[in-house]
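# Report on the structure
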Protein chains: 2
Amino acid sequence: MTTFNRTALEEVLKKRFFYTPSFHIYGGVAGLYDYGPPGCALQANIIDLWRRHFVLEEEMLEMDGSIMTPADVLITSGHVEKFTDWMVRDLETGEIFRADHLIKAVLETRLNGDEQARKAEIVAKSDGNAKSEKGKKKNNKVQAVKLEDSVVADYETTLAQIDNHGGDGLEEIINKYNIKSPETGNDLSKPVEFNLMFESSIGPTGHIKGYLRPETAQGQFLNFKRFLEFNNDKMPFASASIGRSFRNEISPRSGLLRVREFTMAEVEHYVDPKNKNHSRFNEVKDLKLRLLSRGVQEGGKMEPIEITIGEAVEKKIVDNETLGYFLARIYLFLIKLGIKPDRLRFRQHMPNEMAHYACDCWDADIKSSYGWIECVGCADRSAYDLTVHSNRTNEKLVVRESLAEPNVYEKTVLEINKKVFGPKLRQNSKTVEDYLTSLNEEQLEALKKALEDGNGVTKVPGTDGNQYEITNEYLTIKRQTFTEHVREYIPNVIEPSFGIGRILYSLIEHVYWTREGDEQRSVLSFPPRVAPFKCLLVPLSNNPAFTDLVGDLAKRLRKLSIAIKVDDSSNSIGRRYARNDELGTPFAITIDFQSVNDGTVTLRERDTTKQIRENVDTILQVLMNLVEENVTWEKVMETYPTFTQQELD
Amino acid sequence: MTTFNRTALEEVLKKRFFYTPSFHIYGGVAGLYDYGPPGCALQANIIDLWRRHFVLEEEMLEMDGSIMTPADVLITSGHVEKFTDWMVRDLETGEIFRADHLIKAVLETRLNGDEQARKAEIVAKSDGNAKSEKGKKKNNKVQAVKLEDSVVADYETTLAQIDNHGGDGLEEIINKYNIKSPETGNDLSKPVEFNLMFESSIGPTGHIKGYLRPETAQGQFLNFKRFLEFNNDKMPFASASIGRSFRNEISPRSGLLRVREFTMAEVEHYVDPKNKNHSRFNEVKDLKLRLLSRGVQEGGKMEPIEITIGEAVEKKIVDNETLGYFLARIYLFLIKLGIKPDRLRFRQHMPNEMAHYACDCWDADIKSSYGWIECVGCADRSAYDLTVHSNRTNEKLVVRESLAEPNVYEKTVLEINKKVFGPKLRQNSKTVEDYLTSLNEEQLEALKKALEDGNGVTKVPGTDGNQYEITNEYLTIKRQTFTEHVREYIPNVIEPSFGIGRILYSLIEHVYWTREGDEQRSVLSFPPRVAPFKCLLVPLSNNPAFTDLVGDLAKRLRKLSIAIKVDDSSNSIGRRYARNDELGTPFAITIDFQSVNDGTVTLRERDTTKQIRENVDTILQVLMNLVEENVTWEKVMETYPTFTQQELD
């Protein structure tokens, strides 16, 4: 990672049109990107793999819902009130920053400066404080300024807990560490909440307020009842959705990692709150994950432990089997894509950091040149969402489970003797009845005792606050036996939620390298399954003798549904291979003069640049197996002789 | 079509969760729908087929772009000014209608009433006018009122040209035919323009106005230069995009056919304006299409002609080969999906109906119970979009073509003699120079003649409007030879644009039927390729003896990437088959007691309900071939003996 050159990679991605700022000829808009052909294909392949790994593998119920969402839904879910970030403003220029990101950037810059100073063994003695002040003023540039050991420790603790603060906490940090506007050194405003949802209005009257959804989850919850029906009322099960969501980020930076519009893939797994075990947990329990628990972070450290998910659940580091099962499945998915295991960790959310609905939450963080970035969240949202939507709409979002053994239980109940109650209390009967019916079992027992103690007479408040006398004749309080044949419950929801763009960018960094001795020759070593194009089809030159063969082969490859790129441009064959190494195309079929004569073609592999030469049918069979990852290139090289050199004329 | 029962179909679609109004537990929002599992899978399969048929087949450059679009882009494209519909308001209740739809509904209702009256041979004589007035007042209900023959003819002509009117034309029709608010009979307002784009603002300041894109096309045009580079500067080529777009419809009705948020798939094919031939036109030229040309519609008729696309292009009914090629490709795509050829036609746009950018446009209309609905548009957008964006941004969106033979030509040019011009005209030199450099060749020749006629002296205006004397000494006007090695041009764009939701709904109507003698047993006969689920996996009963076999088979089917639905509920086998007929699942594998003993299973086909029984390996092989449409069920029935009856215990 130390030699990683982001500028060089970005140059390749731009040149090969993986992605580009949207509307770039208009100057672009921060946080909006277009994927060009290779980026678009890469994204489609990641989504395809996701669908196979999650939806098909577990027969999840996929839906595709509306982005435009009426305000009412998002008021109920809590997003209108709480889906916010804290922003601060440069008091002179008016420039706006996201408060936590600004603090993080400033403190990290100071720590870097400290590190440099220590390395250079600069001992700043008499003028240390003055220099330090200067370093704080223009705090966007790294300056070699040594800090006190205690200050370093303070900064590190603050950084480890940065996600755990609200507006007041952020303000305190800004004041305590004298944080200013980075470019100008001006004072900053107090942190102010900013809602991250894009607002619009629906229909010609302008009366219906709408927001662009910030997640696909709500659309899934609102359909819970229909999903359950579709699933023949069987529990547990999951719904899933892949689609665009929107967050009006305060000041998006970091390329694809923080954007205003993004494709996400979300699973909502509905589970009985009394039993969060998972029937397939056994299949994953021995998988080792790197976990960074809440406790470790609270200690100000960021060192994960490596532990099997089975042990983590047993030790209650991870709350339950279903949550653990999905952490493991997320891990397997990311590794299959090509994410490097040593740059992947699972971090538990801090209590104040969790979304307002969550009762436990782990992020899959992937390390790139931007640091550790949350790419997948896996939250236990409890019964929060289904409960609030159900309360708001009076639509029951529950599971009704037939009990094998009926549930028999006793309960203290109140019976009002209408014949006496009404006539005696007259106009006050409603306020007293409302009070009485609001009592729980314990309170009813207390009332019963009060009546006994008062020889059948006592006083109770009405809902109006006045006291009223009641007697034994007005009501009966007794134990009664109930028999339930059906158990009704609101399921809990475990939600793995994937930011496809973040995963895509992190993956690109993980598979990027340059050929030894030639930094100009970049390679993106995507696994065949996710590579944008599977095979380059390339005639040795633009000699017309090759045209028909190229056309025929292209047709056969298309019929096999293998995504190809034909490059019959006049560039040298080496140049054309190099271009496709940058696109991450794992294989190339080359047609040369020998092909015209004997029907053989060569197959080149991207990482090794080695080739084999066989007849077309054999090559296509080998290629199919390679693309579907049924065979490795190593195995192919053992089976077929290596072909060394194309004849160039 | 006469016996088509839409209510029954809608019941099936609701019950099987193909789609549902979004946010239905909140009362829903008109024009917003969620696709449930079968609708979502059906949509994904249509998109997959689209991608193979268009993108892969022709190596189109697919991109995935931003939905949120800054206002500047859509001001330039003309959408802010012109992307509008006309609405009218009930002057008393304030209810809003889309003007053209309202007129259409009212006139069609009157024509239906006329038809009923004629059928019933009611001859309304003396009180005909009064009745007729009444029928017009409450004009949303069909009333059997006979119309004059000339009125019927008038209505029909008006309906055939309804898309050809602006606000004034619509107002005239409303007045002429005495059209009122349908429910109340109240007067209507004048038609007012309403912009169909959803508006929002980007970023924390609220200063950047944005719209949700109404089409994916603009995002493609803005990347034209990068596409051309990616394509090694080769022309012609196409970009493509599949994604969500938004239109804030005035009063959406007609279910999935008119919605506010929809998935569209668009191709932008860039072509040399001097050569709109297509290299693969030969492959399609003998295909017969049903064309409804502009001329036919202007004659007030809606009868298409059947003609080969080759002949249509030759006769200039369709403007050029590329447009014709895409009409044919659209036809082939829709037929492959399962759209019935006799309910598909291509209708040419009327001059005033065409989008502001188009120079010719054909719709693929599909007939359903809602009438003929545009499901695909195929427009020649000329060089409009690239030109306006290029002018606005000063970014050249052109093709530079090296000429085999340099282009040599003469041109009249102006040369200003700076040494004399400036010193003589002093502070007026700029206004005169600006005028002179704005002259075209013809004007330069005229000026030259004026100088000759005036013996080397004449007067010219400055850009300030004043007259200035100039002489031969100030300038030279002469013929000069130029040699061009590169031709630079702005390509034209042919755009096939698909509304996926409209195609999806129309397809459902086309494949829907009920079993003879049992209207309760509905079937959706999707072709295997597009069916949401390919195979039902069903144990004969919920006897535990079947559990392992079902699990093993499910695993094998998933490995083959065959989308399955396991139904091990306690419903009867007949009930479970019927449920999956309604989902359009073409095949079912049944596991029974014989399966446990000898490893054979049965394979059932949806439309015929016929079965075969073979060992698992054979059945899987047959199923694979059926799903990939390599073999038909008829062929399978010829090869394997029919299996007649499951033993039920």
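Computed from a predicted structure; not experimentally measured. (Residues numbered from 1 in each chain as written. Chains lettered and ligands numbered in written order. Predicted model: local features only at pLDDT ≥ 70, side-chain atom pairs only at ≥ 80, totals over all residues. Heavy atoms only, no water.)

### A look at the state of the cysteines
Basically, it comes down to this: Two cysteine sulfur atoms form a disulfide, by the criterion used here, when they sit within 2.5 Å. Using a 1.4 Å probe on the protein chains alone, a residue whose accessible area is under 20% of its type maximum counts as buried, one over 50% counts as exposed, and one in between counts as partly exposed.
Inspection of every chain in the model, using the stated rule, returns 0 disulfides over all chains. No disulfide involves A:Cys378; its nearest neighbouring cysteine sulfur is the one of A:Cys361, lying 7.4 Å away. Here B:Cys40 is not cross-linked by a disulfide; its sulfur's nearest cysteine counterpart is in A:Cys40, at 18 Å. When its relative accessible area of 4% is taken as the criterion, B:Cys40 is described as buried.

### Thoughts on the domain arrangement of chain A
Worth spelling out the cut-off: All domain edges in this entry derive from an automatic or database-based domain assignment.
Here chain A is described as being made up of domain 1 (38-63 + 213-384 + 494-500), domain 2 (88-195), domain 3 (403-489) and domain 4 (533-643). Once you take the C-alpha centre of each, domain 2 of chain A and domain 4 of chain A turn out to be 54 Å apart.

### So, the interface of chain A and chain B
By a widely used convention, the size of an interface equals the accessible area lost when the partners come together. Inclusion rule: In what follows, a contact means two residues having at least one pair of non-hydrogen atoms within 4.5 Å. By buried area we mean how much accessible surface two parts lose on assembly, using a 1.4 Å probe and totalling the loss over both. By definition, a salt bridge exists where a carboxyl oxygen of Asp or Glu is found within 4 Å of a side-chain nitrogen of Lys or Arg. For this analysis, a polar contact is any N or O atom pair within 3.5 Å, provided that within protein one partner can donate a hydrogen and the other can accept it, and provided that sequence-adjacent residues contribute only side-chain to side-chain pairs. Residues were grouped as follows: Ala, Val, Leu, Ile, Met, Phe, Trp, Tyr, Cys and Pro as nonpolar; Asp, Glu, Lys and Arg as charged; and all remaining residues, including Gly, as polar.
Residue-level contacts link 82 residues of chain A with 82 residues of chain B. With both chains or domains summed, chain A and chain B bury close to 6900 Å², and 58% of this area falls on carbon and sulfur atoms. For B:Asp64, the salt bridge is made with A:Arg244, and the minimal N-O distance between the two is 2.8 Å. Inspection of the chain A/chain B interface yields 38 residue pairs in polar contact (both at pLDDT 80 or more). Broken down by class, the residue content of the side of chain A that touches chain B amounts to 36 nonpolar, 22 polar and 24 charged.

### Details of helix H18 (residues 441-453) of chain A
Residue and element names in this part refer to chain A. Formally: Secondary structure elements are defined from DSSP: runs of H or I of at least 4 residues count as helices, runs of E of at least 2 residues count as strands, and each element is numbered from the N terminus. To estimate the expected span of a helix, subtract one from its residue number and multiply by 1.5 Å. Of all possible arcs, the one meant is that of the directions from the helix axis to the C-beta atoms.
Given a rise of 1.5 Å per residue, 13 residues ought to cover 18 Å, and the 18 Å separating the end C-alpha atoms of H18 matches this to within 8%. Where H18 is concerned, the buried positions are Leu444, Leu447 and Leu451. One side of H18 holds all its buried residues, which, seen down the axis, span an arc of 60°. Facing away from the buried side of H18, by more than 90 degrees, are the exposed residues Glu442, Glu452 and Asp453. The N-cap of H18, judged by a side-chain oxygen 3.2 Å from the amide nitrogen of Glu442 a few residues on, is Asn440.

### Some words on the pairing of strand S8 (residues 199-202) of chain B
Both faces of the sheet carry side chains from a regular strand, because those side chains alternate between them. Residue and element names in this part refer to chain B. As a reminder, the rule being used: Being paired, for any two strands, means DSSP has found at least two bridges between them.
Burial along S8 is one-sided: the residues Ser200 and Ile202 are buried and none of Glu199 and Ser201 is. Across 4 bridges, S8 lies against strand S9 (residues 208-212) in antiparallel orientation. Paired with Ser200 across the bridge in S9 is Gly210. Counted along the chain from S8 to the antiparallel partner S9, the turn is 5 residues long, and its residue Gly203 has a positive phi close to 85°.

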